[in-house]
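The chain contents come next:
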Amino acid sequence: MEQAFASVRMDEHHPNWQIAISRKGSLYRREGDFRTEFGRDYTRILHSTAYSRLKHKTQVFFTTKNDHICTRIEHVNHVASVSGTIGRYLGLNTELISAIANGHDLGHAPFGHLGERVLSRISQAELGETFWHERQGLRVVDDMETLLDPAGKMKNMMLTYAVRDGIINHCGEVRQTVLRPREHVVPLESITRPNEYEPYTWEGCVVKIADKIAYLGRDIEDAVRLRILTEDGKPLAELKQRLNEQLHAHLQSLTNTSIMYPLITDICRESTPEKGLVLSESHLKLMDDVMKFNYEYIYRSKRLEVYHAYARLILESIYGILKACYAGGDTLRELERLRQDYPTLGKHFLERMKKYSDIGRAVASRDKYGNAFGNAVIYRIADDEKDYRLACIDYIAGMTDTYAEKIFDELTTF
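Residues numbered from 1 in each chain as written. Predicted model: local features only at pLDDT ≥ 70, side-chain atom pairs only at ≥ 80, totals over all residues. Heavy atoms only, no water.

## As for the overall build of the protein chain
Then, in step 1: Looking only at helices and strands, the protein chain has 18 helices and 5 strands in total.
Then, in step 2: For 414 residues, the compact-globule estimate of 2.2 N^0.38 gives 22 Å, and the protein chain sits close to it at 22 Å.
Then, in step 3: Its C-alpha atoms give the protein chain principal-axis dimensions of about 70 × 55 × 35 Å.
Then, in step 4: Expressed as a percentage of its 414 residues, the buried residues of the protein chain come to 57%.
Then, in step 5: Contacts spanning at least 24 positions in sequence make up 70% of the contacts within the protein chain whose residues lie at least 6 apart.
Then, in step 6: When the accessible surface of the protein chain is totalled, it reaches about 18300 Å², and 50% of it is carbon and sulfur.
Then, in step 7: Both charge centroids of the protein chain, one from 56 positive and one from 59 negative side chains, sit 3 Å from each other. (Helix = DSSP H or I, 4+ residues; strand = E, 2+ residues; numbered from the N terminus. Rg over C-alpha atoms; globule rule 2.2 N^0.38 Å. Buried < 20%, exposed > 50% of the residue type's maximum accessible area, 1.4 Å probe, protein only. Contact = heavy atoms within 4.5 Å. Areas by Shrake-Rupley, 256 points an atom, 1.4 Å probe, with all protein chains shown as cover. Lys, Arg positive; Asp, Glu negative; His and termini not counted. Charge placed at Lys NZ, Arg CZ, Asp CG, Glu CD.)

And the structure:
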């Protein structure tokens with residue numbers, strides 16, 4: 001097996017190793033723990049509630065009742081598989097790849113990219129800032145997700161720089177033919193837009209390109225299952241003919257495997273540390289052709305328009321209800337009143353404010369299970385409504401599709 005990238009693998013021999021494994025704060029270590037730093041990150045991500053919620057978050061087709069349609073957690077598993085295959089062949093650090101791949105979409109909103117656009121519009125209007133899931137993913141692992149430490153305290157995740165960097169810089173819209181890591185360290189919190197920087201590691205670059213490869217064919221498969229496309233329909237037949245001509249192949253049907261395989265093998269065949277991670281011109285065109293097809297015939301399908309309106313109504317309604325509860329230092333009292341009309345929404349958001357806000361921590365030191373709060377306060381809402389609005393957006397962004405629908409049912413039931 002080719003190991004072309006073994007010399008640039010992120011391990012203890014790499015000149016930037018200490019930067020890559022650095023954390024924002026101290027993280028406990030149990031006696032006899034033999035895991036690597038990236039191995040610890042991987043398991044911390046798997047044990048997080050944000051990761052658990054991915055199984056009920058949209059990939060493309062939301063609130064589907066078909067068990068065979070791809071969800072966000074399946075997409076994450078596909079990215080881990082694709083990036084792991086490439087990384088193993090090239091000789092890169094597969095533990096780092098696994099950690100980035102499994103954490104890369106923790107910042108996604110409910111209802112997929114439509115939910116992200118809705119929250120971005122709200123964020124622009126209310127905060128003057130854009131919401132984008134890559135940065136939200138960094139905020140999730142840095143500030144919002146907590147795990148119990150051996151002393152019984154809820155503490156922040158404290159992931160390594162390399163994994164955090166891979167999460168915020170994973171934007172999968174790869175347009176160039178060559179991808180290589182940047183050479184300089186960037187304060188990750190200072191990044192202001194998707195694709196502003198390439199990842200800091202080759203492993204992060206592999207996940208970035210795998211993110212795009214992993215969904216192209218699966219979205220077509222799902223569209224066929226839902227009869228948004230048909231196998232014998234003209235659009236799919238024409239795409240199949242074009243790909244067969246480009247690949248000099250005889251594909252009978254377009255599946256995730258039939259599209260992923262040539263892209264994965266092309267990257268492995270073409271890439272070197274000197275050239276970078278490379279897709280040949282023909283395979284970059286293949287990827288772009290499939291992406292354009294998916295946008296025209298799947299993502300912009302009229303079949304999705306009613307769901308888009310439904311999801312938009314849900315998210316905007318929940319935000320409006322929560323926003324109206326702001327009362328400075330008396331906000332907790334208003335949230336208690338909210339519980340009378342909307343018990344689930346009021347209870348859960350109140351619990352969140354006790355854990356993460358200045359006014360909440362002034363009156364509460366433990367969660368409902370008796371675990372002590374050891375995480376950082378992230379919302380200063382006593383005198384800042386903007387921080388409260390951010391808290392509302394963060395709460396909604398963390399919801400699953402099913403939970404958001406449950407809350408909306410509560411809002412519309414008397």
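## Some details on the packing of helix 2 (residues 37–46) against helix 5 (residues 94–103)
Then, in step 1: Running from amino to carboxyl end, helix 2 crosses helix 5 at an angle of 25°, the nearest separation of the two axes being 8 Å. Of the possible angle classes, the one that applies to helix 2 and helix 5 is roughly parallel. In this structure, the crossing between helix 2 and helix 5 has a hand that is left-handed. For the pair formed by helix 2 and helix 5, the contact residues are Phe38, Gly39, Asp41, Tyr42, Ile45 and Leu46 on the first element and Glu95, Leu96, Ser98, Ala99, Asn102 and Gly103 on the second.
Then, in step 2: Residues of the contact of helix 2 with helix 5, tallied by class, amount to 6 nonpolar, 4 polar and 2 charged. (Axes fitted to C-alpha atoms, helices over the stretch in contact; angles between N-to-C directions. Parallel < 35°, antiparallel > 145°, perpendicular 65-115°, else oblique. Left-handed = near helix turned anticlockwise from the far one by under 90°. Nonpolar A, V, L, I, M, F, W, Y, C, P; charged D, E, K, R; others polar.)

## Side note on the packing of helix 5 against helix 9 (residues 202–225)
Then, in step 1: Packing of helix 5 against helix 9 leaves a shortest axis separation of 9 Å and a crossing angle of 45°. Considered as vectors, helix 5 and helix 9 are oriented oblique to each other. Crossing of helix 5 against helix 9: the hand is right-handed. Contacts from Leu96, Ile97, Ile100 and Ala101 of helix 5 reach helix 9 at Glu203, Gly204, Val206 and Val207.
Then, in step 2: Grouping the amino acids of the contact of helix 5 with helix 9 by side-chain chemistry returns 6 nonpolar, 1 polar and 1 charged.

## Let's talk about the side chain of histidine 75
Then, in step 1: Relative to the elements of secondary structure, histidine 75 occurs in helix 4 (residues 72–90).
Then, in step 2: Filtering out sequence-adjacent residues up to four positions away, histidine 75 remains in contact with Gln59, Cys70, His104, Asp105, Asp211, Ala214 and Tyr215.

## Concerning unusual backbone geometry
Then, in step 1: Although it is not a glycine, asparagine 195 sits at a positive phi angle of roughly 65°.
Then, in step 2: Tracing the sequence through the fold places asparagine 195 in the loop between strand 3 (178–179) and helix 9.
Then, in step 3: Residue classification places asparagine 195 among the partly exposed residues on the basis of a relative accessible area of 34%.

## Focus: the sheet that holds strand 1 (residues 146–148)
Then, in step 1: Spatial strand order, 1-2-5: 3 strands in an open sheet with mixed pairing. Edge positions in the open sheet fall to strand 1 and strand 5 (372–373), since each of these has one partner strand only.
Then, in step 2: Bridge count for strand 2 (residues 153–156) against strand 5 is 2 bridges, and the pairing is parallel. Note on strand 5: the bridge partner recorded for lysine 153 is alanine 372. (Pairing = 2+ DSSP bridges.)

## Considerations on the environment of threonine 255
Then, in step 1: By secondary structure assignment, the location of threonine 255 is in the loop between helix 10 (234–247) and helix 11 (256–270).
Then, in step 2: Take threonine 255: its relative accessible area is 26%, and that puts it in the partly exposed class.
Then, in step 3: Spatially, the C-alpha atom of threonine 255 lies 5.4 Å from that of glycine 217, the residues being 38 residues apart in sequence.
Then, in step 4: If we skip the residues at most four places from it in the chain, threonine 255 touches Gly217 and Glu221.

## So, the packing of aromatic side chains
Then, in step 1: Enumeration over the complete set of coordinates arrives at 14 aromatic pairs.
Then, in step 2: The interplanar angle of 75° and the centroid separation of 5.6 Å between the aromatic rings of phenylalanine 62 and phenylalanine 111 together place this pair among those described as edge-to-face. Of this pair, phenylalanine 62 sits in the loop between helix 3 (49–53) and helix 4 while phenylalanine 111 sits in the loop between helix 5 and helix 6 (112–127), placing them 49 residues apart in sequence.
Then, in step 3: Take phenylalanine 62: its relative accessible area is 4%, and that puts it in the buried class.
Then, in step 4: Aromatic ring contacts, followed pair by pair, group Phe62, Phe111, Tyr307, Tyr310 and Phe408 into a single cluster. (Phe/Tyr/Trp six-rings, centres within 6.5 Å; stacked < 30°, edge-to-face > 60°.)

## Side note on the pattern of salt bridges
Then, in step 1: This structure, assessed with the given rule, holds 32 salt bridges.
Then, in step 2: Close ionic contact of glutamate 37 with arginine 23 constitutes a salt bridge, the shortest N to O distance being 2.7 Å. On the criterion of sequence distance, the pair formed by glutamate 37 in helix 2 and arginine 23 in the loop between helix 1 (17–20) and helix 2 is long-range, its members being 14 residues apart.
Then, in step 3: For arginine 218, the salt bridge goes to aspartate 222, with nearest N and O atoms at 3.0 Å. (Salt bridge = Lys/Arg side-chain N within 4 Å of Asp/Glu carboxyl O.)

Everything listed here is a matter of coordinates, which is why it stays silent on function.
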